[in-house]
Amino acid sequence: MTNRPGDREEVELGVKTRPRTQRPPMYKVLLLNDDFTPMEFVVHVLERLFNMNHAQAIEIMLTVHRKGIAVVGVFSHEIAETKVAQVMELARRQQHPLQCTMEKE
Ligand code: TYC
């Protein structure tokens, strides 16, 4: 048997065991650049769905515009999926080709 925290042998010998609880994996939500989605729309999305202030939203939008992609937030799997779906839905409604994806951290 392996030592468990609190086992008599472990306590006596002072053996350290690795904690067995694991953090749930986190997911990066990524925004992709394109040539057509208006900058103001991207800024609006970042303010509305990612709780950024106007200056932060402009900065991240410009990063995507210049580099092609940027992380806009890190969330649990369920929240990341919801954010991606919300971005895609807002873009679809306005007929912008904006793309948003998620990736395990
Ligand atoms: N490249 C777009 C433009 O020049 C702006 C843009 C920024 C589009 C970020 C998408 O995720 C994006 N209008």
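The structure contained in this document is the topic of the report that follows. A quick note: this is a predicted structure, and the numbers were derived from the prediction, not measured. (Residues numbered from 1 in each chain as written. Predicted model: local features only at pLDDT ≥ 70, side-chain atom pairs only at ≥ 80, totals over all residues. Heavy atoms only, no water.)

### Structural notes on the packing of helix α2 (residues 39–50) against helix α4 (residues 77–93)
Reasoning step 1: Where α2 meets α4, the closest approach of the two axes is 11 Å, and the angle between their N-to-C directions is 145°. Note that α2 runs across α4; the crossing there is right-handed. The residues of α4 that touch α2, namely those facing Phe41, Val45, Arg48, Leu49 and Phe50, are Lys83, Gln86, Val87, Leu90 and Ala91.
Reasoning step 2: Its residues assigned to classes, the contact of α2 with α4 comprises seven nonpolar, one polar and two charged. (Axes fitted to C-alpha atoms, helices over the stretch in contact; angles between N-to-C directions. Helix = DSSP H or I, 4+ residues; strand = E, 2+ residues; numbered from the N terminus. Left-handed = near helix turned anticlockwise from the far one by under 90°. Contact = heavy atoms within 4.5 Å. Nonpolar A, V, L, I, M, F, W, Y, C, P; charged D, E, K, R; others polar.)

### Concerning the site of the ligand
Reasoning step 1: Residues in close proximity to the ligand include Leu31, Leu32, Asn33, Asp34, Thr37, Met39, Val42, Met61, Val64, His65 and Leu98, which together make up its full environment.
Reasoning step 2: The contact in question runs from an oxygen atom of the ligand to an N or O atom on the backbone of Leu32, over 2.8 Å.
Reasoning step 3: Residue Thr37 places a main-chain N or O atom 2.9 Å away from a nitrogen atom belonging to the ligand.
Reasoning step 4: The protein chains hide 89% of the 340 Å² of surface that the ligand would expose on its own.
Reasoning step 5: Looking at the shell around the ligand, the elements that each hand over two or more residues are β1 (27–32), α2 and α3 (54–67).
Reasoning step 6: Sort the elements by how many residues they give to the shell around the ligand and α3 lands first, with three residues.
Reasoning step 7: A breakdown of the residues in the shell around the ligand according to their chemical character gives seven nonpolar, three polar and one charged. (Near = heavy atom within 4 Å. Polar contact = N/O pair within 3.5 Å; in protein donor to acceptor, adjacent residues only side chain to side chain. Areas by Shrake-Rupley, 256 points an atom, 1.4 Å probe, with all protein chains shown as cover.)

### Brief notes about the nonpolar core
Reasoning step 1: Ranked by size, the top nonpolar core spans 24 residues in total, and within it Val29, Leu31, Leu46, Phe50 and Val87 carry the most contacts.
Reasoning step 2: Residue assignment for this core shows that the elements contributing at least two residues are β1, α2, α3, β2 (69–75) and α4.
Reasoning step 3: Among the elements that line this core, the one with the most residues is α2, at seven residues.
Reasoning step 4: Beyond its immediate stretch of four places on either side in the chain, Val87 contacts Leu31, Val45, Leu49, Phe50, Leu98 and Cys100. (Core = buried A, V, L, I, M, F, W, Y, C linked by side-chain atoms within 4.5 Å. Buried < 20%, exposed > 50% of the residue type's maximum accessible area, 1.4 Å probe, protein only.)

### Comments concerning the pattern of salt bridges
Should their charged atoms come close, side chains of opposite charge can pair.
Reasoning step 1: Evaluation of the coordinates by the stated rule reveals three salt bridges.
Reasoning step 2: Between Glu103 and Lys28 there is a salt bridge; the shortest N-O distance is 3.2 Å. Here Glu103, found in strand β3 (residues 99–104), pairs with Lys28, found in strand β1; they are 75 residues apart in sequence, far enough to count as distant.
Reasoning step 3: Since its relative accessible area comes to 23%, Lys28 is described here as partly exposed.
Reasoning step 4: Two residues, Glu89 and Arg93, come together in a salt bridge whose shortest N-O distance is 3.7 Å. Residue Glu89 and its partner Arg93 are both found in helix α4; the two are separated by four residues, about one turn of the helix.
Reasoning step 5: Exposure remark for Arg93: the relative accessible area of 53% places this residue in the exposed category. (Salt bridge = Lys/Arg side-chain N within 4 Å of Asp/Glu carboxyl O.)

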